[in-house]
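Structural description and commentary
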Amino acid sequence: MGQNSVLKLFRDSGALLDGHFRLSSGLHSGGYLQCALVLQHPAHAESLGRALGEKLRSLGATVVLSPALGGLIIGHEVGRALGVRAIFAERQDGTLTLRRGFSLAPTDRVVVIEDVVTTGGSTRETMAVAQAAGATVVGAGAVIDRSGGSSNLGAPFAALVTLSLPTYQPDACPMCAAGQPVVKPGSRA
Ligand SMILES: [Zn+2]
């Protein structure tokens, strides 16, 4: 599954929109990405998980670890593709942690899976959860890398799509300057 077919799946699902958007951060952008809208279709989630799993198979992972909530569905599908467990870490009092009886052993080789990597911050945090549990982190993967390739994770990383979605302060936004109406993503036109 190449970059173009992944992007087509996103656009067809409304998970990637082109326009002029006011993001929840207050910044403006010409593109809007919401992975949940493509992953809500189990067949798409399975295809994306299989494609991402193939890129990571050589790492020899024995378990997939994802940060909740964004990484859950794709992590589970990558786990299915690789034939290994898929577990998740979630926040408790602000700290990402393993709950629900999930455990990692020193013999576990962990691959961290997310839907989107933006700064790499949550990927690094999830890698640290695995390391703190005594396991070995063998790599990380995401459906979409929008970090601009700048997130150095210190481990092999693979993404299905590399995407650049620049954001602007409203007073420096070229679409505002062009008089294009701005919309809040998710609101009806
Ligand atoms: Zn604008």
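As shown above, the structure is provided for reference.
Let us look at the structure shown here. Predicted, not measured: the structure shown is a model, and the values here were computed from it.

A look at the sheet that holds strand 5 (residues 95-98)
Taken together, the six strands give an open sheet; going across it, the order is 5-4-3-6-7-8, and neighbouring strands pair in mixed fashion. Each having just a single partner strand, strand 5 and strand 8 (157-162) make up the two edges of the open sheet. Going from strand to strand, the sheet's axes swing by 25° on average, the running direction of each strand aside. Sheet analysis places strand 3 (residues 63-67) next to strand 4 (residues 85-92), joined by five bridges and oriented parallel. Within strand 4, the position partnered with leucine 65 by the bridge is isoleucine 87. Across the sheet, helix 1 (residues 3-12) touches strand 7 (136-145) and strand 8, and the angle it forms with strand 8 is around 60°.

A word on the coordination of the zinc ion
For the zinc ion, the protein coordination sphere consists of His20 (NE2), His28 (ND1), Cys173 (SG) and Cys176 (SG), at 2.0 to 2.4 Å. Because the angles between the four donor atoms bound to the zinc ion fall within 93 to 123°, the donor set is best described as tetrahedral. All donors to the zinc ion come from one chain, and their sequence spacing reads H-x7-H-x144-C-x2-C.

With respect to the pattern of salt bridges
Considering all chains together, one arrives at eight salt bridges under this definition. Where lysine 8 meets aspartate 12, a salt bridge forms, and the shortest distance between an N and an O atom there is 2.7 Å. Of this pair, lysine 8 and aspartate 12 both sit in helix 1, four residues apart, which is roughly one turn of that helix.

Things to note about the sheet that holds strand 9 (residues 167-168)
Here we have three strands laid out as an open sheet, ordered 1-2-9, and antiparallel in their pairing. The open sheet has two edge strands, strand 1 (16-22) and strand 9, and neither has a second partner. The sheet contact formed by strand 1 and strand 2 (residues 28-33) spans five bridges and is antiparallel. When the bridges of strand 2 are listed, leucine 17 appears paired with tyrosine 32.

A few points about the packing of aromatic side chains
Enumeration according to the criterion identifies two aromatic pairs in this entry. Pairing phenylalanine 21 with tyrosine 32 gives two aromatic rings, centres 6.0 Å apart and planes at 45°, and the pair type is tilted. Taken together, the positions of phenylalanine 21 in strand 1 and tyrosine 32 in strand 2 put the pair 11 residues apart, joining distant regions of the chain. Using a relative accessible area of 6% as the deciding quantity, one classes phenylalanine 21 as buried. Ring centres 5.0 Å apart and planes at 80° place the aromatic pair phenylalanine 88 and phenylalanine 102 in the edge-to-face group. Of the two residues, phenylalanine 88 is situated in strand 4 and phenylalanine 102 in the loop between strand 5 and strand 6 (109-117); the sequence distance between them amounts to 14 residues.

So, how was this worked out
- Residues numbered from 1 in each chain as written.
- Predicted model: local features only at pLDDT ≥ 70, side-chain atom pairs only at ≥ 80, totals over all residues.
- Heavy atoms only, no water.
- Pairing = 2+ DSSP bridges.
- Helix = DSSP H or I, 4+ residues; strand = E, 2+ residues; numbered from the N terminus.
- Axes fitted to C-alpha atoms, helices over the stretch in contact; angles between N-to-C directions.
- Contact = heavy atoms within 4.5 Å.
- Donors = N, O, S within 2.8 Å, 3.2 Å for Na, K, Ca; no water.
- Tetrahedral: all angles 85-135°; square planar, octahedral: opposite > 155°, others 65-115°.
- Salt bridge = Lys/Arg side-chain N within 4 Å of Asp/Glu carboxyl O.
- Phe/Tyr/Trp six-rings, centres within 6.5 Å; stacked < 30°, edge-to-face > 60°.
- Buried < 20%, exposed > 50% of the residue type's maximum accessible area, 1.4 Å probe, protein only.

Remember that the coordinates give geometry; whether it matters functionally is a separate question.
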